[in-house]
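Remarks on the overall topology
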Amino acid sequence: NAGVTQTPKFRVLKTGQSMTLLCAQDMNHEYMYWYRQDPGMGLRLIHYSVGEGTTAKGEVPDGYNVSRLKKQNFLLGLESAAPSQTSVYFCASRPRTVGNTGELFFGEGSRLTVL
Amino acid sequence: AQSVSQHNHHVILSEAASLELGCNYSYGGTVNLFWYVQYPGQHLQLLLKYFSGDPLVKGIKGFEAEFIKSKFSFNLRKPSVQWSDTAEYFCAVNEINFNKFYFGSGTKLNVKP
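Residues numbered from 1 in each chain as written. Chains lettered and ligands numbered in written order. Predicted model: local features only at pLDDT ≥ 70, side-chain atom pairs only at ≥ 80, totals over all residues. Heavy atoms only, no water.

**Brief notes about the layout of surface pockets**
By rolling a water-sized probe across the atoms, one finds the places where empty space is left. Roughly 670 Å³ of internal volume is contained in the largest pocket. For the lining of the largest pocket, the elements supplying multiple residues, two or more each, are strand E4 (31–38), strand E9 (87–94) and strand E11 (110–114) of chain A together with strand E10 (87–95) and strand E12 (107–112) of chain B. By residue number, the principal contributor to the lining of the largest pocket is E11 of chain A, which donates four residues. Partitioned by chemical class, the residues of the lining of the largest pocket number ten nonpolar, 15 polar and six charged. (1 Å grid on protein atoms, 1.4 Å probe; cavity = no way out; pocket = protein on both sides within 12 Å on 5 of 7 lines; lining within 4 Å. Points joined across faces, edges and corners; volume = space filled by probe spheres on them. Helix = DSSP H or I, 4+ residues; strand = E, 2+ residues; numbered from the N terminus. Nonpolar A, V, L, I, M, F, W, Y, C, P; charged D, E, K, R; others polar.)

The following block contains the structure:
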């Protein structure tokens with residue numbers, strides 16, 4: 001039972017390069033999220049999706065794009081990486097439930113360094 | 001926008017000491033509340049959650065939390081910590097009619113053996 005899988009786990013980029021992080025979940029969850037984790041700042045929501053073909057902005061969306069072409073996948077793209085995007089990125093998913101009570105299930109994280 | 005405050009950024013305890021970590025949120029409507037734990041080098045895992053009913057909820061590994069609506073608080077407690085509880089703890093809130101989760105800045109717990 002894989003749950004939420006993120007690839008790659010580690011990546012080093014130079015400023016201005018582009019890359020895509022892939023998140024895949026096998027739990028048939030409707031909702032998917034991308035967070036970044038920085039020391040002392042907790043988790044901040046970048047973008048999220050409430051279903052296939054839909055995306056929405058979170059707290060810190062600038063410099064990122066996302067796509068959800070398939071229900072099980074949620075891609076996070078950096079078109080032109082900046083050092084400020086050095087962070088650990090977590091993908092999460094959760095099921096649609098009555099009262100929105102479903103908890104988030106997290107992937108293992110992707111550590112990105114931008115030089 | 002919703003905000004979640006965790007006032008204790010770093011807590012150091014000896015084994016068998018009692019733990020209480022504070023969490024306050026700003027939203028006045030109906031919310032669901034969560035505590036997550038992140039062990040070193042790992043992803044976040046759910047400790048417990050509250051969405052209705054008894055305001056005292058019990059989670060895994062002997063943790064519990066109490067929801068006090070009048071204080072907008074959801075504090076995490078454990079009567080006797082172990083070295084293996086060394087981790088970072090995050091409080092999270094989501095409003096029942098919205099899909100965003102808001103996280104606190106986290107509390108690092110260091111338990112000395």
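**Some thoughts on the side chain of Arg68 of chain A**
Residues and elements named next belong to chain A. Mapping Arg68 onto the fold places it in the loop between strand E7 (65–67) and strand E8 (73–78). Buried charge without a partner: Arg68 forms no salt bridge, and the closest opposite charge is Glu52, 7.1 Å away. Side-chain polar atoms of Arg68 contact the side chain of Ser49, separated by 2.9 Å. (Buried < 20%, exposed > 50% of the residue type's maximum accessible area, 1.4 Å probe, protein only. Lys, Arg positive; Asp, Glu negative; His and termini not counted. Salt bridge = Lys/Arg side-chain N within 4 Å of Asp/Glu carboxyl O. Polar contact = N/O pair within 3.5 Å; in protein donor to acceptor, adjacent residues only side chain to side chain.)

**Considerations on the pattern of salt bridges**
Evaluation of the coordinates by the stated rule reveals eight salt bridges over all chains. A salt bridge links Glu103 of chain A to Lys49 of chain B; the nearest nitrogen and oxygen atoms lie 2.9 Å apart. Placement of Glu103 of chain A in the loop between E9 and strand E10 (105–106) and of Lys49 of chain B in strand E6 (residues 45–50) is noted, with the two residues assigned to different chains. What makes Lys49 of chain B partly exposed here is its relative accessible area of 25%.

**A word on the interface of chain A and chain B**
Residue-level contacts link 24 residues of chain A with 24 residues of chain B. Roughly 1,800 Å² is buried in total at the junction of chain A and chain B, and carbon and sulfur atoms are behind 56% of that figure. Of all residues in chain A, the largest losses of buried area upon contact with chain B belong to Asn100, Thr101 and Phe106 of chain A, amounting jointly to 27% of the total for that side. Counting across the chain A and chain B interface gives one salt bridge. The interface formed by chain A and chain B includes seven residue pairs in polar contact (both at pLDDT 80 or more). Only E4, strand E5 (42–49) and E9 of chain A provide two or more residues apiece to the side of chain A that touches chain B. (Contact = heavy atoms within 4.5 Å. Buried area = accessible area lost by both parts, 1.4 Å probe.)

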